[in-house]
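Spelled out, the chains give:
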Amino acid sequence: MDGGEQKDTQANAPSVIDRYYTRWYRADLKGKPCEDHCILQHSNRICVVTLAETHPILQSGRTIKSINYQISNVCSRLNNKVSGKSKRGGQFLTDFAPLCRITCTDETEYTVYSCIRGRLLEVNESILETPTLLLEKPSTEGYIAVILPKFEESKSITENLLSREEFESVLAKRKVAESQPS
Amino acid sequence: MLPLKDKDKPMVQMLLLAGCCARCILRFCCVSVHAAYRQPPQNTLKQLQAFISDTENSKSQDSAVPEPPEDPPSKRAKLEPGVTDAVLERDDEAAAPRVCVVCLGILQDMCGTSQAVKVSEAVKAENYEFDTVVLSVSLPAQLCVREHSCWLHVKKEVREKGLVLDKDDVIQVKEAFKWIMQGLVAKELGGIAVVTKVGNIHDEKKNILVFTRMAVVKALEKIPDFKFLKHYPCPPAQPTSSCSPQDVRCLHGSVFVAGRYNKFCRSLPQTPWVIDGERRMESSVEELIAAPLLAAFRADGFNFSSSGREDVDVRTLGNGRPFAMELLNPHRSRFNRAEMKQLQETINKSSDKIRVRDLQIVTRQAMSRMKEGEEEKTKSYTALIWTQKPIQREDITFIDDIKDLTVDQKTPLRVLHRRALAVRPRVIHSMNARFLDPHHFYLGLKTQAGTYIKEFVHGDFGRTKPNLCQLLKTDTDILELDVESVDVDWPPAIPE
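Conventions used here
Residues numbered from 1 in each chain as written. Chains lettered and ligands numbered in written order. Predicted model: local features only at pLDDT ≥ 70, side-chain atom pairs only at ≥ 80, totals over all residues. Heavy atoms only, no water. Helix = DSSP H or I, 4+ residues; strand = E, 2+ residues; numbered from the N terminus. Rg over C-alpha atoms; globule rule 2.2 N^0.38 Å. Buried < 20%, exposed > 50% of the residue type's maximum accessible area, 1.4 Å probe, protein only. Areas by Shrake-Rupley, 256 points an atom, 1.4 Å probe, with all protein chains shown as cover. Contact = heavy atoms within 4.5 Å. Buried area = accessible area lost by both parts, 1.4 Å probe. Salt bridge = Lys/Arg side-chain N within 4 Å of Asp/Glu carboxyl O. Polar contact = N/O pair within 3.5 Å; in protein donor to acceptor, adjacent residues only side chain to side chain. Patch = residues over 30% accessible without salt bridge, like charges linked within 9 Å, V, L, I, M, F, W, Y side chains within 5 Å. Lys, Arg positive; Asp, Glu negative; His and termini not counted. Charge placed at Lys NZ, Arg CZ, Asp CG, Glu CD. Axes fitted to C-alpha atoms, helices over the stretch in contact; angles between N-to-C directions. Parallel < 35°, antiparallel > 145°, perpendicular 65-115°, else oblique. Left-handed = near helix turned anticlockwise from the far one by under 90°. Nonpolar A, V, L, I, M, F, W, Y, C, P; charged D, E, K, R; others polar. Core = buried A, V, L, I, M, F, W, Y, C linked by side-chain atoms within 4.5 Å. Pairing = 2+ DSSP bridges. Phe/Tyr/Trp six-rings, centres within 6.5 Å; stacked < 30°, edge-to-face > 60°. Lys NZ or Arg CZ within 6 Å of the ring centre and 35° of its normal.

## Here we look at the overall build of chain A
- Each helix and strand counted, chain A has 4 helices and 9 strands in total.
- Ordered by position from N to C terminus, the α and β elements of chain A give α-β-β-β-β-β-β-β-β-α-α-β-α.
- For chain A, whose C-alpha radius of gyration is 17 Å, the value lies close to the compact-globule estimate of 16 Å for 182 residues.
- Projected onto the principal axes, the alpha-carbon positions of chain A cover approximately 50 × 40 × 30 Å.

## Structural notes on the overall build of chain B
- Summing up its helical and strand segments, chain B has 15 helices and 14 strands in all.
- Within the span of chain B, comprising 496 residues, buried residues form 47% of the whole.
- Of the roughly 24,900 Å² of accessible surface on chain B, a fraction of 53% belongs to carbon and sulfur atoms.

## Description of the interface of chain B and chain A
- Facing the 26 residues of chain B at the interface are 29 residues of chain A.
- Both sides together, the interface formed by chain B and chain A hides about 2,100 Å², and carbon and sulfur atoms give 53% of it.
- The largest contributions to the chain B side of the interface with chain A come from B:Leu413, B:His417 and B:Phe461, which together make up 31% of the buried area.
- For the salt bridge of A:Arg19 with B:Asp477, the shortest nitrogen-to-oxygen distance reads 2.3 Å.
- At the surface where chain B touches chain A, the tally comes to 10 residue pairs in polar contact (both at pLDDT 80 or more).

## A closer look at a negative patch on the surface
- Where like charges cluster on the molecular surface, the negative patch consists of B:Asp166, B:Asp168, B:Asp169 and B:Glu221.
- In this fold, B:Asp168 is placed in the loop between α7 (142-160) and α8 (173-188).

## Describing the packing of helix α6 (residues 113-126) of chain B against α8(B)
Residue and element names in this part refer to chain B.
- Orientation of α6 relative to α8, taken along the N-to-C sense of each, is 50 degrees, at an axis distance of 8 Å. Between α6 and α8, the crossing angle belongs to the class labelled oblique. For α6 against α8, the interelement crossing comes out right-handed. Residues Thr113, Gln115, Ala116, Val117, Val119, Ser120 and Lys124 of α6 form the contact with α8, whose participating residues are Met181, Leu184, Val185 and Glu188.
- A breakdown of the residues in the contact of α6 with α8 according to their chemical character gives 6 nonpolar, 3 polar and 2 charged.

## Concerning the nonpolar core
Residues and elements named next belong to chain B.
- Membership of the largest hydrophobic core comes to 65 residues, with the highest contact counts inside it found for Val12, Phe28, Ile106, Leu107 and Phe177.
- For this core, the elements supplying multiple residues, two or more each, are α1 (9-18), α2 (22-28), α3 (34-38), α4 (41-58), α6, α7, α8 and α9 (213-222).
- Setting aside chain neighbours within four positions, we find Ile106 in contact with Cys111, Leu139, Pro140, Leu143, Val173, Phe177 and Cys243.
- Counting 35 residues, the second largest nonpolar core, distinct from the first, contains Tyr381, Ile385, Leu468 and Val488.

## Some remarks on the sheet that holds strand β5 (residues 92-93) of chain A
Residues and elements named next belong to chain A.
- Strand order in the open sheet made by the 6 strands is β1-β2-β3-β9-β8-β5, with antiparallel pairing throughout. Either end of the sheet is taken by a strand with one partner, and the two such strands are β1 (21-26) and β5.
- Of the pairings in the sheet, the one linking β5 to strand β8 (residues 118-123) comprises 2 bridges and is antiparallel in character. Among the inter-strand pairings, Phe92 is bridged to a residue of β8, identified as Arg119.

## Quick notes on the packing of aromatic side chains
- In total, this model carries 9 aromatic pairs over all chains according to the counting rule given.
- Residues A:Tyr21 and B:Phe461 carry aromatic rings whose centres are separated by 5.5 Å and whose planes lie at 65 degrees to one another, so their mutual orientation is edge-to-face. Pair noted here: A:Tyr21 is in strand β1 and B:Phe461 is in the loop between α14 (453-458) and β13 (464-465), and the two residues belong to different chains.
- The class of A:Tyr21 is buried, set by a relative accessible area of 8%.
- Put simply, the rings of A:Tyr21, A:Tyr143 and B:Phe461 touch in pairs and so form one group of aromatic residues.
- Note that B:Arg280 overlies the ring of B:Trp273, its terminal NZ or CZ placed 5.0 Å from the centroid.
- The ring of B:Phe335 carries B:Arg332 above its face, with NZ or CZ at 3.9 Å from the centroid.

## Some thoughts on the pairing of strand β7 (residues 315-328) of chain B
All names here are of chain B.
- The buried fraction of β7 amounts to 10 of the 14 residues, a majority that puts the element mostly inside the structure.
- Examined bridge by bridge, strand β3 (residues 255-263) and β7 share 8 bridges and lie antiparallel to one another. Along β7, the bridge assignment pairs Tyr261 with Arg321.
- Pairing of strand β6 (residues 301-306) with β7, which is carried by 6 bridges, proceeds in the antiparallel orientation. Bridge pairing links Gly301 to Leu328 in β7.

## Quick notes on the sheet that holds strand β7 (residues 109-113) of chain A
Residues and elements named next belong to chain A.
- Taken together, the 3 strands give an open sheet; going across it, the order is β4-β6-β7, and neighbouring strands pair in antiparallel fashion. Lying at the two open borders of the sheet, with one neighbouring strand each, are β4 (64-68) and β7. Each strand of the sheet is rotated relative to its neighbour by a mean of 20 degrees, with strand direction disregarded.

## Regarding the pattern of salt bridges
- As enumerated under the stated definition, the model contains 36 salt bridges over all chains in all.
- The partner of A:Arg164 in a salt bridge is A:Glu53, with the nearest N and O atoms 3.9 Å apart. Taken as a pair, A:Arg164 in helix α4 (residues 164-179) and A:Glu53 in the loop between β3 (47-51) and β4 lie far apart in primary sequence, 111 residues in all.
- For A:Arg164, a relative accessible area of 22% corresponds to the partly exposed category.
- Across the pair B:Asp247 and B:Arg249 runs a salt bridge whose closest N-O atoms are separated by 3.9 Å.
- Among the residues examined, B:Arg249 registers a relative accessible area of 47% and is labelled partly exposed.

## What to know about the pairing of β7(A)
Residues and elements named next belong to chain A.
- Judged by how many residues are buried, β7 sits mostly within the fold: 4 of 5 residues are covered.
- As judged from the 5 bridges shared by strand β6 (residues 98-104) and β7, these two strands associate in the antiparallel manner. Considered in β7, the bridge of Thr103 is made with Glu109.
- Where β6 folds back on β7, the antiparallel hairpin that results is connected by 4 residues, among which Glu107 adopts a positive phi of roughly 70 degrees.

## Structural notes on unusual backbone geometry
- Between B:Cys234 and the following residue, B:Pro235, the backbone shows a cis peptide bond with an omega angle of 0 degrees.
- Mapped onto the fold, B:Pro235 is located in the loop between α10 (225-231) and β3.
- With an omega of 0 degrees, the peptide bond between B:Trp490 and B:Pro491 qualifies as cis.
- By the element assignment, B:Pro491 lies in the segment after β14 (476-486).
- Phi is positive for A:Cys34, close to 65 degrees, though the residue is something other than glycine.
- Tracing the backbone shows A:Cys34 in the loop between β1 and β2 (37-42).
- A:Cys34 sits in the partly exposed class, given a relative accessible area of 23%.
- Although it is not a glycine, B:Asp460 adopts a positive phi angle of roughly 50 degrees.
- Assignment of secondary structure puts B:Asp460 in the loop between α14 and β13.

Below, the structure written as structure tokens:
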């Protein structure tokens, strides 16, 4: 994707994500155009929720004003705590559970969703202090949350999601639609 | 002569009447002279009967015991033929003594030369290498109930006579069994010492029992006498058949073998790797080490443990990683230094993926040395690092000056499914960098055990802080990792 890196032979070598994670996508979340999410699923079933590189927040020129994990008056994802090997006490999330709301300096607000069922293990507090992480490294240090799907659902939770190929074909169609004069 | 006192007479009488065998009577009279149990039970019975009739002669006026004179003689008549042939008791079934109401025949037919032969044959068949044998017996839980009933039976009488006796003073069936059988089994095994272990290693039979022995014992401790007597006959009822021996099982105590291993292969897990019931990778370090050991010790199985472990794609070089292996039920257990060296050679020749050194037999206690203080020990690594931005020789020299850097590691996502989520501070004592080319260098690290090196290098989504990406201000990744040393001074080195 990044043309600048192509010169380097090692840029094509598989990254940490390539080696251990599978990328899954949800496009146009809740019908909102281009609000694409990317779920990185580790081979041990743990999922990392990130913004897909096509998400409006990540388009050039946007600046983040605030990130809010307080998703309602009574529920803040920051209060999530898990204990022990079995991760007791974590908030249980369904596909469309909101994780956080991100407001850009142009006052547009976006909601980031869980996309998968599972137990919330942690949210990324680093992006609260350094919101630029989200813009600069959306798929690594700028991740949103870590979710542990139920063991028995670890295969089925990604059934509703798009594979990398399917997502790319969605992007291709989108491009065609854009280029056609309406 | 039996070591019985006059005060025991009423009890002997009662127990004979109740249908107790001669040896159980000795038990309830708290006779602890082993020889009394070892003599043929028919002789003991005769002596007991003589002992009582002596009472009757001297105190024939005693009206408290009117019935006994009739019963014992008839029993004696029955017994006579059996006495003539002590070994082949089954010769005349009609004349066989009644099955004891307390021990269900365990101290009768089950306690003799033929059973001793069975036990010793079972031991011999396994072809063990051993000096001593511990004889254990696992008895049915039902026996506790019969014992309790019999105890209540004599307790009543004993109290009336003003005798003091505690249930714990009664010799246990298994004790009497061992006193009788140990000598017999030793003889059959050709003079091998059969010893009793106090606080024994109990070989519990895994029968499909409704109640475990412990549950029965506990219940008997709690139940009030009147309640027990309401539900169970006292003295216990005459059984229709005797207890039959299930099987004889032999077990040799575990032998522990320790050493250090090298792993030269980046596609070899330490232990079998199974995902969704399916095997990944064909072998493992523990299997490569275990196979020759199992064969040499003729053991049934093993338990492998080691001072930490490396990932499947990580090599372990240098002096290797300390490990210990428990060999279960080994049939051979004595190996001298030369033989252990030979065994080490066998392991090393069997595969070029691993190598073993300092192979030795250790004690179970010594093994704990390996695990204790595992976290305080240090480990050294070499990692091949890739940098996104091109680097020059001098860009990485500052790394050599970093000393005792504490990194806060959130449980790596890689292991988060099986470890608790926590932030663990770990110390990187020192590092050194060796430039390779503009995108690669070798990083040497000496760290506190428990530091996750891969995560320190790539940062694990920024969850390990600080990480090498931050130190070098560019994305970094780890391409190869080797463990250079695991600084645990156990097991002791064996000079080549």
